[in-house]
Each structure stands twice: as structure tokens, then as C-alpha cells.
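Architecture at a glance
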Amino acid sequence: MTAQFFGYIGRKTFRIKDTFADLFKEISGVYHLTRHTLYCSFIEPLRGKPIKWGSMWIQMEEVGVKSALIVFLTLFLIGVILAIQTAYQMSQFGAIEYVGALVGVAITRELGPLMAALVMAGRVGAAFTAELGTMKVSDEILALETMALDPVKFLIVPRFLALIVMLPCLTILGNLMGIFGGFLVGVTTLGIDPIIYMDRSIEALQVKDVFSGLFKSGMFALIIVMIGSYLAFVIEGGAEKVGQNTRSAVVTSMILIIISDMVFTAFFFFLE
Amino acid sequence: MITIRNLKKTFGEGDKKMIVLDNFNADFEEGKVTCILGGSGSGKSTVLKHMIGVYQPDSGEIKVDGENIVGMNREQMNKVRKKYGIMFQSGALFNSMTVEENVALPLREHTNLNETTIKIMVKMKLEMVGLRGAEHLKPSQISGGMLKRISLARAISLDPKIVFYDEPSAGLDPISIGVIDQLIKDLSNKMGITSIVVTHELASAFRIADKIIMLFKGEIISSGTPEEIKNSKDPRVVQFINGLPDGPIPFSKSQRDYGEELKEMTFYN
Ligand SMILES: Nc1ncnc2c1ncn2[C@@H]1O[C@H](COP(=O)(O)OP(=O)(O)OP(=O)(O)O)[C@@H](O)[C@H]1O
Ligand SMILES: [Mg+2]
């Protein structure tokens, strides 16, 4: 009985140890892939090995232009919801005209970058893993390598550059949509004077809010691309694994986005 | 010229450990066609993947033109790979590109030729495999046999010194097999390309090979000219050539004895 008990504990401990070892392996894998990607995107072009502009344009359209509508819609609705939710609390203090300030700051600093990134993790991250994973399974990545071509440079770098440009752009435009959503609710349902609403918003917003939001969305872009590509590149086997890893890529990048958002928010909070 | 000495490769760890190649030695001579024959799972593709630097062996060495490629870093390996053309078992064409872009990719990336020259070269290679006119199609729009031939066109687009073929004729009709066989032979005889062909197709191996290496469970059981193989008295070779179900080569993939494995199983109720 006791032997069994200790045996059980022992096995459990070993399993935990293995889990940590595996986790560490994955982290170091993502780290190396990220380093290689950054090297190929920023340092190699300086050494006379140009980036694949053609595939980058295609990806920009794929991840940016085609995701615009869904990001705008999401943030517009977030703006509307936020305005209605805060109006009730604010009106109790008789400060209903500050709804604009609250919506503006909350969206540019926090909700804009976060929601845009979450939407993109679902839309673009999944597509990356599925696409690259299928290429891995059908030996296309192997074929690239054996032609002495670097798969990271061919496949990941264009996607990375496209997303790191497009996600901040979408975030800015999405922020405007969110603020516009709040404004619509404010001036119609809540009956705030449009001029006052705008004044309060502009008073409250600072340039550094915008920049901290953009910095975050750049980081989120990195997370989406690296997790998506890493989970595609490690696939061994068949289509089943592509499905599994696509799911893991979306879940993992969403969680990492939220965790890193918390870290950066805390960081910017203490910085001030 | 490629020489392989004492190559050993195992996959998996612990209970699942499987020896795929053990003490493998072979020479692939320059300008000759060498065929690697063997049953499914005997390690043919694994040998090929070692030669192209995809797998690292547990021990042993592989020399390509005198250079040992085992343990080479990426840059050194890429230099060696520029001598190679590889036709994959599954074709491995890039699905997002047209046939023309697929064949042109190595040319665009590794040479400074202008667009017109590249277009002409692509046409020439496609003509060689009998598929001129398919330039604008995507890999998903063409048949399996055509995929293989385009994969071959891509493999030879840079005029490599050494070409690897993994099952070039599996799944093709007899005429296409004949065409591909002729092509492999011509490339070696006329252009001095070293060809390494992995295949199941006995007839085509006997037609094209200067030398045949016969594999069984990762070990060479026989090697020599097609004539020597045909006249071999080794029961394993005889069984393979005649396709006999019973003989020294078992059908089962397992490396363990069936009876032993059954005895070891415990039964619960
Ligand atoms: N990456 C791998 N991991 C684990 N086992 C592997 C791996 N690659 C190959 N094997 C095993 O090695 C053995 C030889 O495989 P290989 O692909 O070389 O066979 P083959 O001779 O090419 O067969 P076929 O003619 O069917 O293509 C098989 O039993 C296979 O299960
Ligand atoms: Mg094979």
C-alpha cells in the first residue's frame, strides 16, 4: 500500500519533470526560430540579400486588407459596448460627459491592440499554421532546404514583416472605429454634446497612449507569427497533426498575447 | 562520387528503438546510374535522406567528392546541395506556385540569368519530360504522374552533378516509365550526371542501372551489375526478384520475433 503510494508519487514527479523538460525544449525552439527570423528580416538585407518583396506584398494583402473588415467591426462594437456600460456608472457621479475620455483611453491603450491581436490570432495565426504545416507534411519545406534555400527566409520572413506592418496599422484604424462607435452612442443615446464629447476625449488622450498601444501590437504580431510558424515547422506525420497544431497555435498565441499584454501594461504603469 | 562508410541510424528511444541502418557501406560512382532496391521499409529513403543531409547518422561517414558531409553546418551543407538535384517520392512541388515557377525557382534563386533566358530554360526542361505546355497549371491541377515528371524537371533545372530519384516511376504508366528510364540513362551517359535511383520497379532497375544495391532491413544483401544480381544464388535475392511471398525475407515489419512478443504480453481480465 505505502509502496504503491510512493510509487505513484514517484511516477507523478517524473512526469512533471518530463513535462518541464518538454516545455523548455519548445521555448528554446521558439527562441531560435525567432532569432533566425529577426536576423533574416533585419540584418541579412543589409548584407545584400534582399527580402522577398513579392511574397511580402501578397501576405500584406492576405493578413491586412482582408482582415480589415472584421477588426473594424469588432472594435466599433467594443466602442459602442464600452460607452453604454460606462455611461451608467458615470451618470451616477454626474460625469456623463467623461464617457468619451474613458472610451478613448481604454481603446487606444488597451482594448484596441488587444482585440485586434486576438482577432488576428484566430484569423491569421490559424491560417499560417495550416498553410505551413501542410507544406511541411508534403515535403515542400524539405524540398526548399535541399535546394539550398532557407525556408525561414522564404516562408516566415514575408509573413512576419507583413504582420508587423499591418497589425499596428489595423490597430490604429480600429482604434478610430472604436472611438467613433463610442461617439455615436454618446451623442445619440446618451445625449452628450458632440463638441464636449470630443473635447473631453482629446484632453484625456496623450501621444504616449497611442505609442504604448502600437508597441504592444508590434509585440503581438511577433507572437502570432512565431507561434504559428513554430508549431507548423515541428509537425511530423500527417494531416491529423496539422489540425491539432493549428488549434494549439491559436490557443497558445491568444494566451501569450493576454499574458504579455498584462506584463506590458504593468511595465508602462510603473514607468510613469 | 559518393562513398558511404559504416553508416548507422536508429530511430526512437528505449522500447521503441528501431535500427534502420546498420553498418551500411556503399559507393556511388561518378557518371553512373546506381539503383537501390529493396522492400518497403527496408531503409531506402533513409539512405537517400542521409546523403542529402536531412538526417544525421548515429555514426559513420558520407563523403561527397571527398568531403565528409556528416556534421557539416548549414552553410557548408548548402554548398554541397548546390551540386544536387532531388526528385522526391511525393513530388514535393510548391502548391502555391505554377509549374513554371516551380521549375524556375532554383534558377531564379541561384543564378543571375535574365527572365527570358530562364523562360527558355524552363521550356527546355519541360520538353525533356514531355510536359511543355503545362507551364501555367498549378500542381493541384495535374495528375500524379505529371507531378513526378515536373518534379524531375525541377530537379535537373540547375544542371546538377548528382541527381537523386526517390521512386521515380512508382505510379506511372508503362510508357511514362519508359520515358523516365530513358531520361535517367541519357542524363548519366551523355551529360555525366551521377544518378542515384531508389526504386521498387525491378524491370526499370535492370534496364537503367550500371550497379544495383539490394537492401534488406538496412543491410546490403547483394550488390553488383544487373547481370550479377540476376544470376545471384542468394535466396533473399532470388525471392525478391521473383516476388515470392515465402522465403527468407519476412513480410512483417517488426524486428522482434512474433512468438516472443506474444509471450511477453500480459492478459488482464
Ligand atoms: N523519421 C522517422 N522516424 C521514425 N522512424 C522512421 C523515420 N523515417 C523512417 N523510419 C522507419 O525506418 C524504416 C525505413 O524507412 P524508409 O522510408 O527508409 O523505407 P523505404 O525503404 O524508403 O520504404 P518505401 O519503399 O516504402 O518508401 C521504416 O520502418 C520506417 O518506419
Ligand atoms: Mg521510400
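Please refer to the structure higher up on the page.
Only a predicted model underlies this, so the values are computations on that prediction, with no experimental measurement involved. (Residues numbered from 1 in each chain as written. Chains lettered and ligands numbered in written order. Predicted model: local features only at pLDDT ≥ 70, side-chain atom pairs only at ≥ 80, totals over all residues. Heavy atoms only, no water.)

Focus on the side chain of T10 of chain B
Residues and elements named next belong to chain B. Position of T10 among the secondary structure elements: in strand β1 (residues 2-11). One polar contact links T10 to D58, side chain to side chain, over a distance of 2.6 Å. If near-sequence neighbours (up to four positions away) are discounted, T10 is found in contact with K17, M18, I19, V20 and D58. (Helix = DSSP H or I, 4+ residues; strand = E, 2+ residues; numbered from the N terminus. Polar contact = N/O pair within 3.5 Å; in protein donor to acceptor, adjacent residues only side chain to side chain. Contact = heavy atoms within 4.5 Å.)

Some details on the packing of helix α3 (residues 68-92) of chain A against helix α4 (residues 99-137) of chain A
All names here are of chain A. Relative to each other, α3 and α4 sit at 145 degrees, their axes nearing to 9 Å. For the element pair α3 and α4, the recorded crossing hand is right-handed. Contact with α3, carried on its side by I70, V71, T74, L75, I78, G79, L82, A83, T86, A87 and M90, involves V99, L102, V103, A106, I107, L111, G112, M115, A116, V119, M120 and R123 of α4 and no other residues of that element. For the contact of α3 with α4, the per-class residue count stands at 18 nonpolar, 4 polar and 1 charged. (Axes fitted to C-alpha atoms, helices over the stretch in contact; angles between N-to-C directions. Left-handed = near helix turned anticlockwise from the far one by under 90°. Nonpolar A, V, L, I, M, F, W, Y, C, P; charged D, E, K, R; others polar.)

Considering the coordination of the magnesium ion (ligand 2)
Residues and elements named next belong to chain B. Bound to the magnesium ion (ligand 2) on the protein side are S45 (OG) and Q89 (OE1), at distances that span 1.9 to 2.6 Å. Residue S45 is found in helix α1 (residues 44-51), and its partner Q89 is found in the loop between β6 (84-87) and α3 (99-110); the two are separated by 44 residues along the sequence. We classify S45 as partly exposed; its relative accessible area is 23%. Classification of Q89 by relative accessible area gives partly exposed; the value is 41%. (Donors = N, O, S within 2.8 Å, 3.2 Å for Na, K, Ca; no water. Buried < 20%, exposed > 50% of the residue type's maximum accessible area, 1.4 Å probe, protein only.)

Structural notes on the sheet that holds β6 of chain B
All names here are of chain B. A sheet is described by the order of its strands in space; here 6 strands give the open sequence β6-β7-β8-β3-β9-β10, paired in mixed fashion. The open sheet terminates on both sides in strands that have one partner only, identified here as β6 and β10 (219-224). Adjacent strand axes in the sheet meet at a mean angle of 15 degrees when their direction is disregarded. As paired elements, strand β7 (residues 162-166) and strand β8 (residues 194-199) share 5 bridges and run parallel to each other. Bridge pairing links Y165 to V197 in β8. (Pairing = 2+ DSSP bridges.)

Points about the sheet that holds strand β5 (residues 67-68) of chain B
Residue and element names in this part refer to chain B. Taking strand neighbours across the sheet as the criterion, the 4 strands line up as β2-β1-β4-β5 in an open arrangement whose pairing is antiparallel. What marks the edges here is a single partner per strand, and that holds for β2 (18-28) and β5. Along the sheet, α1 contacts β1, β2 and β4 (59-64); its crossing angle with β1, the most-contacted strand, is approximately 120 degrees.

What about the side chain of S42 of chain B?
Secondary-structure assignment places S42 of chain B in the loop between β3 (33-38) and α1. Here the side chain of S42 of chain B touches G39 of chain B through a polar contact of 2.7 Å, landing on its backbone oxygen.

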